Amino acid sequence: RCSGPRGVAGGQALEMTLGDHAALDRLEQVHRAKTGALFEASILVPADFAGISPESQEGKAIDHFARALGFGFQVADDLEDLRQDTRVGAAAPPSNIRFFKSAHQAGLEAAQLLRNSCEGVAVFYGAESGPLLSIAHEVIQKLHSEAGA
């Protein structure tokens, strides 16, 4: 599900269809298919090799985490891209979360989603989840920084 028409390639194609009348759920779908798919693959492939069933509670927790991490990273990237845009008065394109929400709102919502997913991973994986949680906390800090929180 991470590559091909339902993953990165499909997300890239979907992004080209975003226009001035795009809906937020459509942008979230693009983010999950593109950047999110890359994060999911990097986390879910090792989970599969470890024999963690995607239908188990542990598998669902790691899947939720992978999706939230990818989405959070993309939102942080969107916010940073717009902040670094040197054009005076540059407006956010429909492919950027700021087209739909304030930086503050987008950053806080993505950070909360990621924090919630961290709790599930920590419950099932305990100390072994440390490296994943460390990465998530870096993304959360970036989200707060870019959101001005």
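Here the structure is a predicted model, which means the values were calculated and not measured.

Calculation notes
Residues numbered from 1 in each chain as written. Predicted model: local features only at pLDDT ≥ 70, side-chain atom pairs only at ≥ 80, totals over all residues. Heavy atoms only, no water. Helix = DSSP H or I, 4+ residues; strand = E, 2+ residues; numbered from the N terminus. Buried < 20%, exposed > 50% of the residue type's maximum accessible area, 1.4 Å probe, protein only. Contact = heavy atoms within 4.5 Å. Areas by Shrake-Rupley, 256 points an atom, 1.4 Å probe, with all protein chains shown as cover. Axes fitted to C-alpha atoms, helices over the stretch in contact; angles between N-to-C directions. Parallel < 35°, antiparallel > 145°, perpendicular 65-115°, else oblique. Left-handed = near helix turned anticlockwise from the far one by under 90°. Nonpolar A, V, L, I, M, F, W, Y, C, P; charged D, E, K, R; others polar. Phe/Tyr/Trp six-rings, centres within 6.5 Å; stacked < 30°, edge-to-face > 60°.

Engineer: Explain the overall build of the chain residue by residue, including any values.
Structural biologist: When you go through the chain residue by residue, the secondary structure sums to six helices and zero strands. Secondary structure elements of the chain, listed N to C terminal, follow the sequence α-α-α-α-α-α. For the chain, the residues scored as buried account for 40% of the 149 residues in total. Intrachain contacts of the chain at a sequence separation of at least 6 include 68% that bridge at least 24 residues. Accessible surface, the chain: about 8,100 Å² in total, of which carbon and sulfur atoms supply 55%.

Engineer: So what's going on with the packing of helix H4 (residues 57-84) against helix H5 (residues 103-125)? Which residues, and what values?
Structural biologist: For the pair H4 and H5, the least separation of the axes is 8 Å and the interaxial angle reads 155°. It follows that H4 is roughly antiparallel to H5 by the angle criterion. The handedness of the crossing between H4 and H5 is left-handed. Residues of the contact of H4 with H5, tallied by class, amount to 17 nonpolar, seven polar and one charged.

Engineer: So, the packing of aromatic side chains: which residues are in play, and what are the values?
Structural biologist: For the structure shown, the criterion picks out one aromatic pair. With 5.1 Å between their ring centres and 45° between their planes, Phe 39 and Phe 73 make a pair best called tilted. One end of the pair, Phe 39, is in helix H3 (residues 35-49); the other, Phe 73, is in helix H4, with 34 residues separating them in the sequence. Look at Phe 39 and you get buried, because its relative accessible area is 19%. Since its relative accessible area comes to 37%, Phe 73 is described here as partly exposed.

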